[in-house]
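# Structural features, examined
For reference, the chains in residue letters:
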Amino acid sequence: MPKQSYLAGLIGSGIGPSLSPALHEREADRQGLRLVYRLIDLDPLGMPPEAVGDLVRAARDLGFDGLNITHPCKQLVLEHLDALAPQAEVLGAVNTVVFEDGRAVGHNTDVTGFAASFARGLPDAPLERVVQLGAGGAGAAVAHALLTLGAGHVTVVDALPDRAAALAGALNRAFGEGRAAAAPPDRQARLLAQADGIVHATPTGMAAHPGLPLPAGLLHPGLWVAEVVYRPLETELLRTARALGCATLDGGGMAAFQAADAFRLFTGREPDAPRMLADLTELAGAVGAPH
């Protein structure tokens, strides 16, 4: 008989406001399953990000079926896993761990989550020249998704030049030379003047990191603007871009669709992804902008 109860969790820093527990538990309830989803927040535990390996082992020993992994552990967790799904291996970042026969297997549902959200929310957006802000774990996933969707060229801008260069190099190895490049923030003005769109993949705009990730004057109506941050759903970047007449995409779709893909990995059941997106929109609206 198929399993009817599941235990999952999220490891990360400052994850108290996360909507993941509600998203997973609501979908399980509708499918007649019992799923308990726990937050394992490094901050109140007083643990460093490097403790992720100990926490993964403890969760496996305690009978968890799987874990989501978020900032700042998506890359640190790699060395503590027994195997990686192909996409996670290419990315060098894991956001979902599934325990199978005592083994911890890493996956990345951020890529498929962003791709599904973009295809749904900006289906006709031109993709010849895209500028992406941020080269961390989420940035790596988003850049891979953009090139998978058919982007001609992605320029990765990051305050850490080595990180941007490493991601651009990985993208060129995966998709072919000349598909990606790295650039410092001081080249943003020239890049954005010629770009079709911009993807924002840094924490700026979150409740704990308010503000704009770039000077407002660099935005123009010819750009589409896609956001990874989803708390709040309307960041200052999206508000500013929308006022200029830009087509925009909030981070809610990526959050909901990556959760749906993780739910499938945890339970083996097919989630209703549009229903999970409706849940996320409702939940994010209910808690309001301060979160």
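Residues numbered from 1 in each chain as written. Predicted model: local features only at pLDDT ≥ 70, side-chain atom pairs only at ≥ 80, totals over all residues. Heavy atoms only, no water.

## Focus on unusual backbone geometry
As a reminder of what qualifies: Helix and strand definitions here come from DSSP, where helices need a minimum of 4 consecutive H or I residues and strands a minimum of 2 consecutive E residues; each element is numbered from the N-terminal end.
Following His 71, the chain continues into Pro 72 via a peptide bond in cis, with omega recorded as 5°. Residue Pro 232 follows Arg 231 across a cis peptide bond; omega there is 5°. Following the sequence through the fold, Pro 232 ends up in the loop between β11 (224–227) and α9 (236–244). A positive phi is found at Asp 101, a non-glycine position, where the angle reads about 50°.

## Some thoughts on the UniProt feature "binding site: NADP(+)" (unreviewed entry) in the protein
What counts, and what does not: UniProt positions are given in the numbering used here, feature names are shortened, and annotations may be inferred rather than shown by experiment. Every definition here rests on a 1 Å grid over the protein atoms only: cavities are sets of points where a 1.4 Å probe fits but cannot get out, pockets are open sets enclosed by protein on both sides within 12 Å along at least five of seven lines, and lining residues have some atom within 4 Å of a point. For every residue, the accessible area obtained with a 1.4 Å probe (protein chains only) is divided by the maximum for its type, and the residue is called buried under 20%, exposed over 50%, and partly exposed between those limits. Any two residues having at least one pair of non-hydrogen atoms within 4.5 Å are treated as being in contact.
Feature annotation in UniProt assigns "binding site: NADP(+)" (unreviewed entry) to the following positions: Gly 134, Ala 135, Gly 136, Gly 137, Ala 138, Val 228 and Gly 251. Of the residues named above, Gly 134, Gly 136, Gly 137, Ala 138, Val 228 and Gly 251 line the largest pocket. Examined against the element boundaries, Val 228 turns out to sit in the loop between β11 and α9. Residue classification places Val 228 among the buried positions, given a relative accessible area of 15%. Look past the residues within four positions of Val 228 in its chain and what remains in contact with it is Ala 138, Val 142, His 200, Ala 201, Gly 251 and Met 254. Here Gly 251 is to be found in the loop between β12 (247–249) and α10 (252–267). Leave out the neighbours within four places in its chain, and Gly 251 touches Glu 227, Val 228, Val 229 and Tyr 230.

## Regarding the packing of aromatic side chains
To keep it simple, the criterion reads: Side-chain rings of Phe, Tyr and Trp, where Trp is taken by its six-membered ring, are said to pair if the distance between their centres is within 6.5 Å; with planes under 30 degrees apart they count as stacked, over 60 as edge-to-face, and otherwise as tilted.
By the definition in use, this model includes two aromatic pairs. Seen from their ring centres, Phe 114 and Phe 118 are 5.8 Å apart, and the 35° between their planes marks the pair as tilted. Of the two residues, Phe 114 and Phe 118 are both situated in helix α5 (residues 110–121); the distance of four residues between them amounts to about one turn of the helix. The pair Phe 114 / Phe 118 is uniform in exposure class, with both members buried. Ring centres of Phe 118 and Trp 224 lie 5.0 Å apart, and the angle between their planes is 70°; this geometry places the pair in the edge-to-face category. Residue Phe 118 is located in helix α5, and its partner Trp 224 is located in strand β11; the two are separated by 106 residues in the primary sequence. According to the relative accessible area criterion, Phe 118 is buried, its value standing at 3%. You can call Trp 224 buried: its relative accessible area is 3%. Members of the aromatic cluster, each reached through a chain of ring pairs, are Phe 114, Phe 118 and Trp 224.

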